[in-house]
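Each chain, written out:
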Amino acid sequence: LILIVVIAEMIIDLPLELYSTFRIESKFGFNRTTPSRFLIDKLLQILLFLALGLPLLFVMLTLMSKAGIYWWVWAWAVWMAFLFFITWAFPTFIAPLFNKFKPLDDVSLKRRLEGLLKNCGFKSNGMYVMDGSKRSSHGNAYFTGLGKNKRIVFFDTLLEGLNENQIEAVLAHELGHFKHKHISKMIKLNTLISFLGLALLGWLCEQKWFFLSFGIQNQNDAISLMLFFLIIPVFTIFLTPLKSRISRKHEFEADNFAAETTNAKLLIEGLIKMYKDNASTVTSDPFYSAFYYSHPSATDRVANLIQKENMGVS
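Caption draft 1: Representation of the overall build of the protein. Along the backbone of the protein there are 13 helices and 4 strands. If one aligns the C-alpha atoms of the protein with their principal axes, the spans along those axes are about 65 × 45 × 40 Å. Taking all 314 residues of the protein together, the buried fraction comes to 39%. Considering only residue pairs separated by 6 or more positions, the protein has 74% of its internal contacts joining residues 24 or more positions apart. For the protein, the computed accessible surface area is about 18100 Å², with 65% contributed by carbon and sulfur atoms. Within the protein, one finds 32 positive and 25 negative side-chain charges whose respective centroids are separated by 5 Å.

Caption draft 2: Highlighting helix H4 (residues 107-120). Between the first and last C-alpha of H4 there are 20 Å, a value that for 14 residues agrees with the 20 Å anticipated at 1.5 Å per step. For H4, every residue scored as buried is listed here: Leu109, Leu113, Leu116, Leu117 and Cys120. Within H4, the buried residues cover an arc of 100° as seen down the axis, which keeps them to one side. Exposed side chains of H4 directed beyond 90 degrees from the buried face belong to Val107, Arg111, Lys118 and Asn119. Considering only its buried residues, H4 is in contact with strand S2 (127-130), strand S4 (151-155), helix H5 (156-161), helix H6 (164-179) and helix H10 (239-261). At the N-terminal boundary of H4, the capping side chain belongs to Asp106, with an oxygen 3.3 Å from the backbone nitrogen of Ser108. Two residues or fewer after H4 comes Gly121, characterised by a positive phi angle close to 70°.

Caption draft 3: Just unusual backbone geometry, in detail. We note that Lys181 has phi near 60°; this positive angle belongs to a residue other than glycine. Examined against the element boundaries, Lys181 turns out to sit in the loop between H6 and helix H7 (182-204). Of the residues examined, Lys181 reaches a relative accessible area of 54% and is grouped as exposed. Here the phi dihedral of Ala279 falls at roughly 55°; this positive angle occurs in a residue that is not glycine. The exposure class of Ala279 is exposed, given its relative accessible area of 52%.

Caption draft 4: Examining the nonpolar core more closely. Residues Leu113, Phe154, Leu171 and Leu175 are the most contacted members of the largest nonpolar core, which totals 39 residues. Every element with two or more residues in this core is listed here: H4, S2, S4, H6, H10, helix H11 (264-277) and helix H13 (298-310). Aside from chain neighbours lying at most four places away, what touches Leu171 is Leu113, Leu116, Leu117, Phe143, Ile152 and Phe154. In terms of nonpolar packing, the next biggest core, distinct from the first, is built from 24 residues, Leu56, Leu57, Leu63 and Ile232 among them.

Caption draft 5: Focus on H13. For H13, with 13 residues, the first-to-last C-alpha span of 18 Å sits near the 18 Å given by 1.5 Å per residue. Among the residues of H13, Ala298, Arg301, Val302, Asn304, Leu305 and Lys308 are the ones counted as buried. Here the buried residues of H13 occupy an arc of 160° about the axis, which is enough to place them on one side. Structurally, H13 contributes buried residues whose contacts are with H6, H10 and H11.

Caption draft 6: Focus on the sheet that holds strand S1 (residues 101-103). The sheet built from 4 strands is open, its strands ordered S1-S2-S4-S3 with mixed pairing. The open sheet terminates on both sides in strands that have one partner only, identified here as S1 and strand S3 (141-144). The mean angle between the axes of side-by-side strands here comes to 30°, regardless of whether they run parallel or antiparallel. Relative to S4, S3 runs antiparallel, the two sharing 4 bridges.

Caption draft 7: Expanded view of the side chain of Asp131. Locating Asp131 in the fold gives a position in the loop between S2 and S3. A distance of 2.9 Å separates a polar atom in the side chain of Asp131 from the backbone nitrogen of Lys100. The residues contacting Asp131, other than those within four sequence positions of it, are Asn99, Lys100 and Asp156.

Caption draft 8: Quick look at the pattern of salt bridges. Within this structure, the stated rule accounts for 8 salt bridges. Of the charged contacts, one joins Arg135 and Asp41 as a salt bridge, the two residues approaching to 2.8 Å between their closest N and O atoms. Remark: Asp41 occurs in helix H2 (residues 35-66) and Arg135 occurs in the loop between S2 and S3; sequence separation between them is 94 residues. Summarising the burial analysis for this pair, Arg135 and Asp41 share the class buried. Here Arg112 ties to Glu164 by a salt bridge, and the two come within 3.7 Å at their closest N and O atoms. One end of the pair, Arg112, is in helix H4; the other, Glu164, is in helix H6, with 52 residues separating them in the sequence. The partly exposed category is assigned to Arg112, whose relative accessible area is 31%.

Criteria and cut-off values
- Residues numbered from 1 in each chain as written.
- Predicted model: local features only at pLDDT ≥ 70, side-chain atom pairs only at ≥ 80, totals over all residues.
- Heavy atoms only, no water.
- Helix = DSSP H or I, 4+ residues; strand = E, 2+ residues; numbered from the N terminus.
- Buried < 20%, exposed > 50% of the residue type's maximum accessible area, 1.4 Å probe, protein only.
- Contact = heavy atoms within 4.5 Å.
- Areas by Shrake-Rupley, 256 points an atom, 1.4 Å probe, with all protein chains shown as cover.
- Lys, Arg positive; Asp, Glu negative; His and termini not counted.
- Charge placed at Lys NZ, Arg CZ, Asp CG, Glu CD.
- Expected span 1.5 Å × (residues − 1).
- Arc of directions from axis to C-beta.
- Polar contact = N/O pair within 3.5 Å; in protein donor to acceptor, adjacent residues only side chain to side chain.
- Core = buried A, V, L, I, M, F, W, Y, C linked by side-chain atoms within 4.5 Å.
- Pairing = 2+ DSSP bridges.
- Axes fitted to C-alpha atoms, helices over the stretch in contact; angles between N-to-C directions.
- Salt bridge = Lys/Arg side-chain N within 4 Å of Asp/Glu carboxyl O.

Rendered as structure tokens:
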């Protein structure tokens, strides 16, 4: 039953994904993927769901039927262990299924970035370049993994678009998230939200009115789980502006760290180049962005960095 619903959702979303990729992205010159690559990506996603998602569903349904009234506590523990496993396994086992990763081989840039990492006390399993250009011309950089499996990944398009000074400033911004422990803070917040969400599911499973409201007379564990995840946005929508606000605060703190560690002007140059290359919105609606945006607007970020530069931070 759950598999049928998942497949139905994928089929419903497919036309919108095709239009977004091959119409909108192509119209503005960003799309570089092919229909065959798009199809292969979809098949890989399905295989990953079957390999990882189905066993998780089996465990969850088993706990719902066998673990008693507080099954949701055990389910929460399993869910968190699963998320940590995926985060750990992603850079080494999952991401390489979709992209090729090679160690950063620019000697000058690598030496410069390693010096920045050492100064910030950040240890990783290496710096890698991802062939993002085979799907899109958008550029980005990110940290991934846990513990000794952490690695820094640059899109090849980002390295092509920025100079060494700007790349160092962008990396300093990412290191700002590490120094301010933003990742661990968000993990703790999501851990709490997951716990409360499963507690809510455990309570709703005992409420007949919940199922009767949807015309369901005879519920079972699969229906309970499926229905909950279909309507969970109704319960969590009020968290969206809160999480967005927290995320924007983190971005400002990371920008400030980069300004202190490298140079505010260089980060401004890098950000403007990335906004331009990615055709990102720079004049967003203030109400929409306050509710949904995880990053401050371009004008807000640049204004903050200019203030830091004028104060002599960099």
